[in-house]
Amino acid sequence: MGSREEIVAAAATVMREQGYAHATTKAIAQASGYSEALLYKHFRDKTALFLAVLKEELPDLVATAARLTEHPEKADLSDNLAELTTTALAFYCASFPISISIFSSRDLLRAHRDSLENGPDLPIQHVAGYLAAEVRLGRLRADLDVEAAARLLLGACFQEAFLASFEERPPRPDLAQRLAATLEKLG
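Residues numbered from 1 in each chain as written. Predicted model: local features only at pLDDT ≥ 70, side-chain atom pairs only at ≥ 80, totals over all residues. Heavy atoms only, no water.

**Structural notes on the packing of helix H1 (residues 3-22) against helix H4 (residues 46-56)**
Two measures define how a pair of helices packs: the angle their axes make with one another and the distance between the axes. Heads up, the condition is: The axes are straight lines fitted to the C-alpha atoms, using for helices just the contacting stretch, and the angles between their N-to-C directions are given from 0 to 180°. Counting from the N terminus, the helices are DSSP H or I runs at least four residues long and the strands are E runs at least two residues long. Angle categories: roughly parallel below 35 degrees, roughly antiparallel above 145, roughly perpendicular from 65 to 115, and oblique for all the rest. In what follows, a contact means two residues having at least one pair of non-hydrogen atoms within 4.5 Å.
One can describe the packing of H1 onto H4 by two numbers: an axis separation of 9 Å at closest approach and a directional angle of 100°. It follows from the interaxial angle that H1 and H4 lie roughly perpendicular. Counted together, Arg4, Ile7, Val8, Ala11, Ala12, Met15, Tyr20 and Ala21 of H1 and Lys46, Thr47, Leu49, Phe50, Ala52, Val53 and Glu56 of H4 form the full contact between these two elements.

Written out as structure tokens, the structure reads:
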């Protein structure tokens, strides 16, 4: 692992523990074992580092949904939904303590919004695409509103991430399976 990757990993840890507002570049540099000067060699400011953490240190929900969309037949519906839901829950649980910080500053929110290529609804679009692929296979009902189902699934994962963060506890261990089983029944 190179210095850039180690700095991003250290920033993720510091930001999870202290939140964006209190995570200083000095603390991040110290946690990474590198100088603040090297940190600034890789990142123009703390916002750029924050954006790198969001992109590089979180479970890749979009990639999982895209892969499942391309080849949903490689596993049964139950396994696909469980994988998707587990990834979504991990994504939101890992990102919530960090990403909530983007609302602490309008400049930070604007920078994050401007860095997104397709907007924050990209996971919803990809999950809806995966669910549509399952509909085409006949494994979910033809009249399923895939966008609404995607929003319900991801919203439940986001809500659990909020509660787990607020209550300082891990996510409920059976929630991903229960959400997947419920969606399977609805479909």
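**Comments concerning helix H10 (residues 175-186)**
Put simply, the rule reads: In a helix, the anticipated span is given by 1.5 Å times the number of residues less one. Between buried and exposed lies partly exposed: a residue is buried under 20% and exposed over 50% of the maximum accessible area for its type, with that area taken using a 1.4 Å probe on protein chains only. The arc in question is formed by the directions pointing from the helix axis toward the C-beta atoms.
Taking 1.5 Å as the rise per residue, H10 with 12 residues should run 16 Å; its terminal C-alpha atoms sit 16 Å apart, in good agreement. All of the buried residues in H10 are Leu175, Ala176, Leu179, Ala180 and Leu183. All buried residues of H10 project into a common sector of 130° when viewed along the axis, lining one side. On its buried side, H10 packs onto helix H6 (77-99), helix H8 (122-136) and helix H9 (146-167).

**A short note on the environment of Phe103**
Turning to its location among the elements, Phe103 is positioned in the loop between H6 and helix H7 (106-115). You can call Phe103 exposed: its relative accessible area is 59%. Considered as a pair, Phe103 and Glu147 are 44 residues apart in the sequence and their alpha carbons are 26 Å apart.

**Some thoughts on the packing of aromatic side chains**
Stated precisely, the cut-off is as follows: In this analysis, rings of Phe, Tyr and Trp, with Trp reduced to its six-membered ring, are considered paired at centre separations within 6.5 Å, and the interplanar angle assigns stacked below 30 degrees, edge-to-face beyond 60, and tilted for intermediate values.
Enumeration according to the criterion identifies 5 aromatic pairs in this entry. Considering the side-chain rings of Tyr92 and Phe158, the 5.5 Å spacing of their centres and the 85° angle between planes classify their relative orientation as edge-to-face. You can see Tyr92 sitting in helix H6 and its partner Phe158 sitting in helix H9, a full 66 residues away along the chain. Its relative accessible area of 40% is what places Phe158 among the partly exposed residues. When the centroid spacing of 5.6 Å and the interplanar angle of 75° are considered together, the rings of Phe96 and Phe162 count as edge-to-face. Here Phe162 lies in helix H9 and Phe96 lies in helix H6, a separation of 66 residues in the sequence.

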